[in-house]
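Structure at a glance
What follows is each chain in one-letter form.
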Amino acid sequence: MSVMLGRQQRPEPDVSVIRASAEHSPEQTYYRAEDVVLAVEVISPDSERRDRDRKPTLYAEAGIAHFWLVENQSGRPAVYVYELAPVARSYVLTGIHHDRLKISAPFDIDIDLTEIDKL
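Described in the following lines is the structure provided in the data block.

**Focus: helix α1 (residues 48–61)**
Taking 1.5 Å of rise per residue, the 14 residues of α1 would be expected to cover 20 Å, and the 20 Å separating its terminal C-alpha atoms lies within 8% of that figure. Of all the positions in α1, only Asp51, Lys55, Pro56, Leu58, Tyr59 and Ala60 are classed as buried. If you follow the buried residues of α1, they end up packed against β4 (36–42), β5 (66–73), β6 (76–85) and β7 (90–97). A positive phi of about 90° marks Gly63, the residue just after α1.

**Considering the pattern of salt bridges**
Applying the stated criterion to the full structure yields seven salt bridges. Note that Arg32 and Glu34 form a salt bridge whose closest N and O atoms lie 3.0 Å from each other. Look at Arg32 and you get partly exposed, because its relative accessible area is 41%. Residue Glu71 is joined to Arg52 by a salt bridge in which the shortest nitrogen-to-oxygen separation is 2.5 Å. Taken together, the positions of Glu71 in strand β5 and Arg52 in helix α1 put the pair 19 residues apart, joining distant regions of the chain. Among the charged side chains, a network of salt bridges with common partners joins Arg32, Glu34 and Asp35.

**As for the sheet that holds β6**
Read across the open sheet, the five strands follow the order β2-β4-β5-β6-β7; overall the sheet is mixed. Only two strands of the sheet have a single neighbouring strand rather than two, namely β2 (15–18) and β7. Taking each pair of neighbouring strands and ignoring which way they run, the sheet shows an average axis angle of 20°. The pairing of β4 with β5 spans five bridges and is classified as parallel. Residue Ala39 lies in a different strand from β5, and its bridge partner there is Phe67.

**A closer look at the packing of aromatic side chains**
As enumerated under the stated definition, the model contains five aromatic pairs in all. Between the aromatic rings of Tyr59 and Phe67, the centroid separation amounts to 5.9 Å while the plane-to-plane angle is 50°, which identifies the pairing as tilted. A relative accessible area of 1% places Phe67 in the buried class.

Thresholds applied
- Residues numbered from 1 in each chain as written.
- Predicted model: local features only at pLDDT ≥ 70, side-chain atom pairs only at ≥ 80, totals over all residues.
- Heavy atoms only, no water.
- Helix = DSSP H or I, 4+ residues; strand = E, 2+ residues; numbered from the N terminus.
- Expected span 1.5 Å × (residues − 1).
- Buried < 20%, exposed > 50% of the residue type's maximum accessible area, 1.4 Å probe, protein only.
- Contact = heavy atoms within 4.5 Å.
- Salt bridge = Lys/Arg side-chain N within 4 Å of Asp/Glu carboxyl O.
- Pairing = 2+ DSSP bridges.
- Axes fitted to C-alpha atoms, helices over the stretch in contact; angles between N-to-C directions.
- Phe/Tyr/Trp six-rings, centres within 6.5 Å; stacked < 30°, edge-to-face > 60°.

Given below as structure tokens:
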């Protein structure tokens with residue numbers, strides 16, 4: 001699902017967490033940036049520069065408060081957690097998680113990253 005950031009800007013995060021009120025119909029093709037609570041990008045070789053550089057900048061400029069970047073480090077996931085610094089309209093790194101992703105914002109979550117392959 002794409003996120004409408006501007007007139008000609010509709011990136012598609014790998015994962016989005018949206019407000020329930022943003023869901024309107026099965027035919028819906030995008031969410032508005034103000035409805036996105038969290039955007040997540042998973043680094044892949046084909047989109048690494050876009051995932052690391054371009055998309056975070058676009059999401060921050062659109063005011064999306066939380067952004068995660070997930071990458072493979074020697075076969076294990078690493079999750080980089082960012083929060084928006086509203087005045088600067090850019091993200092600030094708030095944590096790097098290798099074995100366990102346990103945070104309270106934008107919501108309480110506790111994921112054992114060492115168990116991902118066993119799910």
